[in-house]
Amino acid sequence: MCDNTAPSTQSIADYLAQLLKDRKQLAAFPNVFIHVERLLDEEIARVRASLFQINGVKKEPLILPEPEGQPTTLTEKVYVPVKEHPDFNFVGRILGPRGMTAKQLEQETGCKIMVRGKGSMRDKKKEDQNRGKPNWEHLSDELHVLLTVEDTENRAHIKLERAVEEVKKLLVPQAEGEDELKKRQLMELAIINGTYRDSSTKAAAATACDEEWRRVAAAAADAQRLLSPGIPGLATPMRTPTTPLGAPLILSPRMSVPTTAASILNGSAPPGSLLSPGDPHGLIYTPYADYTNYAALAASPLLTEYATADHSGGLFAR
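Quick caveat, the model's predicted, so the values are computed rather than measured.

Could you clarify how one ought to interpret helix α7 (residues 180–193) in this entry?
Since there are 3.6 residues in each turn of an α-helix, residues three or four apart along the chain are aligned in direction. Along its 14 residues, α7 runs 20 Å from first to last C-alpha, staying within 8% of the 20 Å computed at 1.5 Å per residue. Inspection of α7 places L181, R184, Q185, M187, E188, A190, I191 and I192 among the buried residues, and these make up the whole buried set. Directly after α7, the chain includes G194, whose backbone phi takes a positive value near 75 degrees.

I keep staring at the pattern of salt bridges and nothing clicks. Help me out?
Any two side chains of opposite charge can pair, given that their charged atoms come close. All told, the structure shown has 13 salt bridges when counted by the stated rule. Salt-bridge contacts for R46 lead to E43; the nearest nitrogen and oxygen are separated by 2.8 Å. With R46 and E43 both in helix α2 (residues 34–54), this residue pair falls three residues apart, about one helical turn. Notably, a salt bridge pairs E166 with K169, separated by 3.6 Å at the nearest N-O pair. Taken together, the residues span about one helical turn, with E166 and K169 both in helix α6 (residues 153–170) at a distance of three residues. The class for E166 is buried, based on a relative accessible area of 8%. Here K169 falls in the partly exposed class, since its relative accessible area comes to 47%.

Looking at this model, I keep getting lost on the side chain of T101. Mind explaining?
With respect to the secondary-structure elements, T101 resides in helix α4 (residues 100–109). One polar contact links T101 to Q185, side chain to side chain, over a distance of 3.0 Å.

How should the pairing of strand β2 (residues 112–116) be read in this particular structure?
Both faces of the sheet carry side chains from a regular strand, because those side chains alternate between them. Residues I113 and V115 line the buried face of β2, whereas the alternating positions K112, M114 and R116 sit on a face that is not buried. With five bridges connecting them, β2 and strand β3 (residues 144–152) associate as antiparallel partners. Looking across to β3, one finds that V115 is bridged to V145.

I'm lost on a nonpolar patch on the surface in this one. Help?
There is a patch of nonpolar side chains on the surface, built from F29, V32, F33 and V36 and spanning about 360 Å² of accessible area. Relative to the assigned elements, V32 resides in the loop between α1 (9–26) and α2.

Would you explain the nonpolar core in this entry?
The nonpolar side chains of a soluble globular protein tend to be buried, and buried together. If you look at the biggest cluster of nonpolar residues, it comprises 22 residues, and the most contacted ones within it are V78, V80, V145, L147, V167 and L171. Among the elements of the structure, β1 (71–79), α3 (90–95), β2, β3 and α6 are those that each provide at least two residues to this core. Of all the elements, α6 adds the most residues to this core, at six residues. Setting aside its immediate chain neighbours within four residues, V78 contacts H144, V145, L147, V164, V167, K168 and L171.

Criteria and thresholds
Residues numbered from 1 in each chain as written. Predicted model: local features only at pLDDT ≥ 70, side-chain atom pairs only at ≥ 80, totals over all residues. Heavy atoms only, no water. Helix = DSSP H or I, 4+ residues; strand = E, 2+ residues; numbered from the N terminus. Expected span 1.5 Å × (residues − 1). Buried < 20%, exposed > 50% of the residue type's maximum accessible area, 1.4 Å probe, protein only. Salt bridge = Lys/Arg side-chain N within 4 Å of Asp/Glu carboxyl O. Polar contact = N/O pair within 3.5 Å; in protein donor to acceptor, adjacent residues only side chain to side chain. Pairing = 2+ DSSP bridges. Patch = residues over 30% accessible without salt bridge, like charges linked within 9 Å, V, L, I, M, F, W, Y side chains within 5 Å. Areas by Shrake-Rupley, 256 points an atom, 1.4 Å probe, with all protein chains shown as cover. Core = buried A, V, L, I, M, F, W, Y, C linked by side-chain atoms within 4.5 Å. Contact = heavy atoms within 4.5 Å.

All we've got here are geometric facts, nothing functional implied.
Quick look at the structure:
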């Protein structure tokens, strides 16, 4: 059986896909299962982090001091370098598939992360319609990432500083084929769509199955060599069986059967002898004195009837 019980990238990806499906179904009941949403988001962040750690990425957890003072709210804007890189998709890079990249940063930093300003909305027509309206003032500003944190002042500054640092890393464009974050986001997108297949796991499983097949084939070849007699090099060659296979045969004395009409009718064959020494043809004769006794011994009704019948007339008697 070719199976690997150790946690693999494929198994973690499958579990993450189930969590994301549960999170999507839970979104149909906003602000109803508050604690369930929080626990589910924490589990998604944990599984996502373990998935990326397998791929060689590990982030140190944020260490916070004990809270001091009253809670406060801090905000900061990090502007996106759109003018320097007008063709780069910064919004997709920051948010990630289904907003997973931004949610992961929120879990790691404890800050709220939102993309605001020109080009922040997917629907450009709706963005133009809302620009200048109340509560949409941010659309008049340049594209930026708004960071918000609520905690005691000593802890809020640490969280906000960590969030700004992580967001700035996302705003550095990478060359095509060298962008590890994009590879992970494509991996997450495949997990969401249910099309992710771990090539390394498939290759390892194929190698393990091939080795198992070779082991079974070698064992079968060894067994075949042991069962084949007369192979040079064996210390004790297999003996030819001296007893017959199966049930033993019961051999009975041969009954002499007359073969000529003369011996049958007149009993001229010498008793106690199967072959007549005077017969040049070497015919077999009956050892009985007459045919009547032979027929009686044979216990055949046809022979008895033939022996007692009158044969003087012959077959064509007139």
